[in-house]
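Observations on the model geometry
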Amino acid sequence: MIYIKDMEDLDWRILRIVEICLKNHEWVPIKEIVKKAKLNQNEVSYRISRLIHIKMLNSSQYGYRISHWGYDALAIDTYSKKDLIVGMGGKVGVGKEGDVYNVLLPDNRNAVLKFHKHGRTCFTMGKRYRNYLADKRHMSWLYSSRLSAEKEFEVLTALYPIVKVPEPIANNRHTILMGKMEGTDLKKANLHRLDLNPEELFEEIIEEVKKAYKLGYIHGDLSEFNILINSDGDFVIIDWPQVIEINDNKFKIEKISSKDVEYDVEYYLKRDIGNLLRYFKKYGLNKDLDTLYNYIIN
Ligand SMILES: Nc1ncnc2c1ncn2[C@@H]1O[C@H](COP(=O)(O)OP(=O)(O)OP(=O)(O)O)[C@@H](O)[C@H]1O
Ligand SMILES: [Mg+2]
């Protein structure tokens, strides 16, 4: 539980200072906080103990750092102060690397707020995310979560509304605010019961993959888990932080050497198509991977 209601102005100030100081410290020493806060040591100690008590800060012998909840609270507070969201509801979904909550926009529309959470579970995408961290700031879940949210927001902005993806509304810290798809994961949907034609749906999804490719993006984790569909057969492709960007060099754009294997665009695109083929096989669809691949890239 995040106790935002217990937060006083000075608590927010100390939390923000710790956040800023984490750019240069693994753990922020109290004297650094005192200096930046322009408050006396007793006041700062009192604020820190309050923040630790409500689990917004973690402490060690070296100093303090922000907790996942503290970081979540800062993002929620920012959206609220900017009048971007006026209410927050329950969880929509829990992913491997993030939680997604229902939120209410000022115009009464429903939307979702996705929190990127690296380091809470294993850090599987390590190598790729480290590429984002070229600015030499020290590595932490805080920065990698933030960069992954920024990346996802950037991709949604580039793709929407040409490709069927959620509408990007705002990005703050490790979160993105986006349009809500009232539907279910394709994994859980029964296409026959929904009276949808699997082959038509498959072809529509391939069209979106092709459009995204033309705009320079390969999803990189496409599967029935990352497609949301409603009973009308409308769908969106979600979960884009691990996207592969296609730069000027059309092939071998992002070479990643791992165990002497070099992955490239062909590898990622074929893996995405392969995942779709595997899912649609249970509906009796049998298409050729190479033909689909050539269709998308030409
Ligand atoms: N725009 C949206 N509208 C409605 N529900 C959504 C939306 N975005 C995400 N969700 C829900 O939240 C779940 C997790 O979202 P998403 O796949 O983006 O996060 P993730 O943490 O990266 O997941 P994973 O790592 O497990 O793939 C989705 O499976 C879906 O149920
Ligand atoms: Mg997902």
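Because the structure is predicted, anything quoted here is derived from the model rather than measured. (Residues numbered from 1 in each chain as written. Chains lettered and ligands numbered in written order. Predicted model: local features only at pLDDT ≥ 70, side-chain atom pairs only at ≥ 80, totals over all residues. Heavy atoms only, no water.)

Re the pairing of strand β5 (residues 110-116)
Counting buried positions over the seven residues of β5 gives six, a clear majority of the element. Of the pairings in the sheet, the one linking strand β4 (residues 98-104) to β5 comprises seven bridges and is antiparallel in character. Considered in β5, the bridge of Tyr101 is made with Leu113. The turn linking β4 back onto β5 is made up of five residues, and Asn108 within it adopts a positive phi angle of 75 degrees. (Buried < 20%, exposed > 50% of the residue type's maximum accessible area, 1.4 Å probe, protein only. Helix = DSSP H or I, 4+ residues; strand = E, 2+ residues; numbered from the N terminus. Pairing = 2+ DSSP bridges.)

A look at the confidence of the model for the chain
The pLDDT averaged across the chain works out to 89; a share of 86% of its residues lies at or above 70. A low-confidence stretch, residues 120-127 (pLDDT under 50), is modelled with 16 contacts involving residues beyond four sequence positions or located in other chains. (pLDDT = per-residue confidence, 0-100. Contact = heavy atoms within 4.5 Å.)

Things to note about the coordination of the magnesium ion (ligand 2)
Protein coordination of the magnesium ion (ligand 2) is provided by Asn226 (OD1) and Asp239 (OD), with donor distances spanning 2.2 Å. Of this pair, Asn226 sits in the loop between β9 (217-218) and β10 (227-229) while Asp239 sits in the loop between β11 (235-237) and β12 (244-245), and the two are 13 residues apart along the sequence. (Donors = N, O, S within 2.8 Å, 3.2 Å for Na, K, Ca; no water.)

Regarding a negative patch on the surface
Taken together, the side chains of Glu200, Glu204, Glu207, Asp232 and Asp234 make up a negatively charged region of the molecular surface. Structurally, the position occupied by Asp232 is in the loop between β10 and β11. (Patch = residues over 30% accessible without salt bridge, like charges linked within 9 Å, V, L, I, M, F, W, Y side chains within 5 Å. Areas by Shrake-Rupley, 256 points an atom, 1.4 Å probe, with all protein chains shown as cover. Salt bridge = Lys/Arg side-chain N within 4 Å of Asp/Glu carboxyl O. Lys, Arg positive; Asp, Glu negative; His and termini not counted. Charge placed at Lys NZ, Arg CZ, Asp CG, Glu CD.)

Observations regarding the pairing of strand β7 (residues 175-179)
Extensive coverage of β7 is indicated by the burial of five of its five residues. Pairing of β5 with β7, which is carried by five bridges, proceeds in the antiparallel orientation. Opposite Phe115, over in β7, you have Thr175 as the bridge partner.

Overview of the packing of aromatic side chains
Within the structure shown, the criterion is met by six aromatic pairs. Relative to Phe115, the ring of Tyr101 has its centre 5.6 Å away and its plane inclined at 85 degrees; by these criteria the two rings are edge-to-face. In this pair, Tyr101 sits in strand β4 while Phe115 sits in strand β5, placing the two residues 14 residues apart along the sequence. Consider the rings of Tyr267 and Tyr268, whose centres lie 5.2 Å apart with planes at 80 degrees: the pair is edge-to-face. (Phe/Tyr/Trp six-rings, centres within 6.5 Å; stacked < 30°, edge-to-face > 60°.)

Concerning helix α4 (residues 68-81)
Under the 1.5 Å per step criterion, the end-to-end length of α4 is 20 Å for 14 residues, consistent within 8% with the ideal 20 Å. Residues of α4 that are buried include every one of Gly70, Tyr71, Asp72, Ala73, Leu74, Ala75, Ile76, Asp77, Thr78 and Tyr79, and no others. (Expected span 1.5 Å × (residues − 1).)

Overview of the packing of helix α7 (residues 198-214) against helix α9 (residues 289-297)
Following both chains from N to C, one finds α7 and α9 inclined at 45 degrees, their axes separated by 8 Å at the closest point. In terms of axis orientation, α7 runs oblique to α9. Note that α7 runs across α9; the crossing there is right-handed. Residues Phe202, Ile206, Glu207, Val209, Lys210, Tyr213 and Lys214 of α7 form the contact with α9, whose own contacting residues are Leu292, Tyr295, Ile296 and Ile297. Of the residues contributing to the contact of α7 with α9, the split by class is eight nonpolar, no polar and three charged. (Axes fitted to C-alpha atoms, helices over the stretch in contact; angles between N-to-C directions. Parallel < 35°, antiparallel > 145°, perpendicular 65-115°, else oblique. Left-handed = near helix turned anticlockwise from the far one by under 90°. Nonpolar A, V, L, I, M, F, W, Y, C, P; charged D, E, K, R; others polar.)

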